[in-house]
Amino acid sequence: MVVLPGGSVGVRYLILSDIHANLTAFETALDAARGKWDKAVCLGDLVGYGPDPNEVIDRVRALDALTIRGNHDKAVSGLTNPEEFNPAAHAAVLWTREHLQIGNLAYLEKLPKGPIQAGGFSMVHGAVHDEDEYVFGPEEAADGLLDAPTPVVFFGHTHIQGAFTLHGHDVGSLHTKPLLPNQSSTLNLAPNTSYLLNPGSIGQPRDGDTRAAFAIADLENQSVEFWRVPYDVQDVQQRMMQAGLPEPLILRLSFGR
Ligand code: ZN
């Protein structure tokens, strides 16, 4: 039996990120993952863009998920200025602030900043050095891979499911996306290799695939499953329309962009 740094033996982690107040996508993902994990973690951006901020926060709290903050959580709770966001994202921040219950606002405000360590891996919202930085490609991943506090780091923020690797001096990227609905693709972790892994976004995928994205990690067995699950996009779009959220945010869910 392998004892991981952090002391978690054989714990399967559900890795969630960028739920963005989309309860329909979140519930569909949880249904698909039922029985396959022991402990949940969340890489930030629980709110912003979507119509269900209170319901999503309540659900994350009920899961007792180890959670770090994202840039939208900071903007909504007043820790940063939302005027730095684009107009649609800014409008969604103001809408979310107006509709959040006071207890949920306080919960967002107190979320810790990444990186923090869970069972043998680290969690960040953006990059290892800067929680607000985007890691889109191997160039941006290199610094984080070199300085990562653990060989496996999970990150979010870009809403693009994928993996970056460092072996020796070589930084690479891996294709992880499962092609069929309700299916996962498994990445088997190699020895002497560091990984920056993005589970993708539950609530607003941006890799041209409308399906909700998440991952399940079993580090004792050196495996990470990358999941994609189709959900009822129109159901969410209708609630966004009723809420008066900006049209571009409603439309982009149809394209996964
Ligand atoms: Zn996000």
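Residues numbered from 1 in each chain as written. Predicted model: local features only at pLDDT ≥ 70, side-chain atom pairs only at ≥ 80, totals over all residues. Heavy atoms only, no water.

Peer 1: Any chance you could break down the overall build of the chain for me, citing the residues and the numbers?
Peer 2: Tallying secondary structure elements over the chain gives eight helices and 12 strands in all. In summary, the chain has a C-alpha radius of gyration of 17 Å against a globular reference of 18 Å for 257 residues, a match within 12%. Scored against the burial criterion, the 257 residues of the chain give a buried share of 56%. Taking as baseline every contact in the chain between residues at least 6 positions apart, the subset at least 24 positions apart corresponds to 74%. Summing over all exposed atoms, the chain offers an accessible surface of approximately 10900 Å²; the carbon and sulfur share of this is 51%. (Helix = DSSP H or I, 4+ residues; strand = E, 2+ residues; numbered from the N terminus. Rg over C-alpha atoms; globule rule 2.2 N^0.38 Å. Buried < 20%, exposed > 50% of the residue type's maximum accessible area, 1.4 Å probe, protein only. Contact = heavy atoms within 4.5 Å. Areas by Shrake-Rupley, 256 points an atom, 1.4 Å probe, with all protein chains shown as cover.)

Peer 1: Which residues make up the layout of surface pockets, and what values go with them?
Peer 2: Here the largest pocket is characterised by a volume of approximately 250 Å³. Around the largest pocket, the lining comprises 16 residues; the ones closest to its centre are Ile160, Gln161, Gly162, Ala163 and Leu174. Secondary structure elements with two or more residues in the lining of the largest pocket: β7 (162–167) and β8 (170–174). If one sorts the elements of the lining of the largest pocket by residue count, β7 sits on top with three residues. A breakdown of the residues in the lining of the largest pocket according to their chemical character gives seven nonpolar, seven polar and two charged. (1 Å grid on protein atoms, 1.4 Å probe; cavity = no way out; pocket = protein on both sides within 12 Å on 5 of 7 lines; lining within 4 Å. Points joined across faces, edges and corners; volume = space filled by probe spheres on them. Nonpolar A, V, L, I, M, F, W, Y, C, P; charged D, E, K, R; others polar.)

Peer 1: Can you explain the environment of Lys36? Please cite residues and give values.
Peer 2: Along the polypeptide, Lys36 turns up in the loop between α1 (23–33) and β2 (39–42). Leave out the neighbours within four places in its chain, and Lys36 touches Arg12, Ile216 and Trp227. Only 3.3 Å separates the side chain of Lys36 from the backbone oxygen of Ala32, close enough to count as a polar contact. (Polar contact = N/O pair within 3.5 Å; in protein donor to acceptor, adjacent residues only side chain to side chain.)

Peer 1: Describe in detail the confidence of the model for the chain, supporting the description with residues and values.
Peer 2: With 95% of its residues at a pLDDT of at least 70, the chain reaches an overall mean of 93. Below pLDDT 50 for its whole length, residues 1–7 participates in 12 contacts with residues either more than four positions away or in separate chains. (pLDDT = per-residue confidence, 0-100.)

Peer 1: With reference to specific residues and values, describe the coordination of the zinc ion.
Peer 2: Distances from the zinc ion to its protein donors, Asp18 (OD), His20 (NE2), Asp45 (OD) and His159 (NE2), fall within 2.1 to 2.4 Å. Taken together, the four donor atoms coordinating the zinc ion and their angles of 87 to 176 degrees define a geometry best described as irregular. Mapped onto the sequence, the donors of the zinc ion take the spacing D-x1-H-x24-D-x113-H. In this pair, His20 is assigned in the loop between β1 (13–16) and α1 and Asp45 in the loop between β2 and α2 (53–63), connecting sequence segments 25 residues apart. By relative accessible area, His20 is classed as buried at 1%. (Donors = N, O, S within 2.8 Å, 3.2 Å for Na, K, Ca; no water. Tetrahedral: all angles 85-135°; square planar, octahedral: opposite > 155°, others 65-115°.)

Peer 1: If you had to explain the environment of Trp95 to someone new, which residues and values would you point to?
Peer 2: Looking at the secondary structure, you find Trp95 in helix α4 (residues 87–99). With relative accessibility at 14%, the residue Trp95 sits in the buried group. Remark: the alpha-carbon pair of Trp95 and Val76, spanning 19 residues in sequence, is separated by 9.1 Å. Setting aside its immediate chain neighbours within four residues, Trp95 contacts Gly50, Pro51, Pro53, Ala243 and Leu245.

Peer 1: Mind laying out a nonpolar patch on the surface, listing which residues take part and the relevant values?
Peer 2: On the surface, Tyr134, Phe136 and Ile160 cluster together to form a nonpolar patch covering roughly 280 Å² of accessible area. Note on placement: Ile160 falls in the loop between β6 (152–154) and β7. (Patch = residues over 30% accessible without salt bridge, like charges linked within 9 Å, V, L, I, M, F, W, Y side chains within 5 Å. Salt bridge = Lys/Arg side-chain N within 4 Å of Asp/Glu carboxyl O.)

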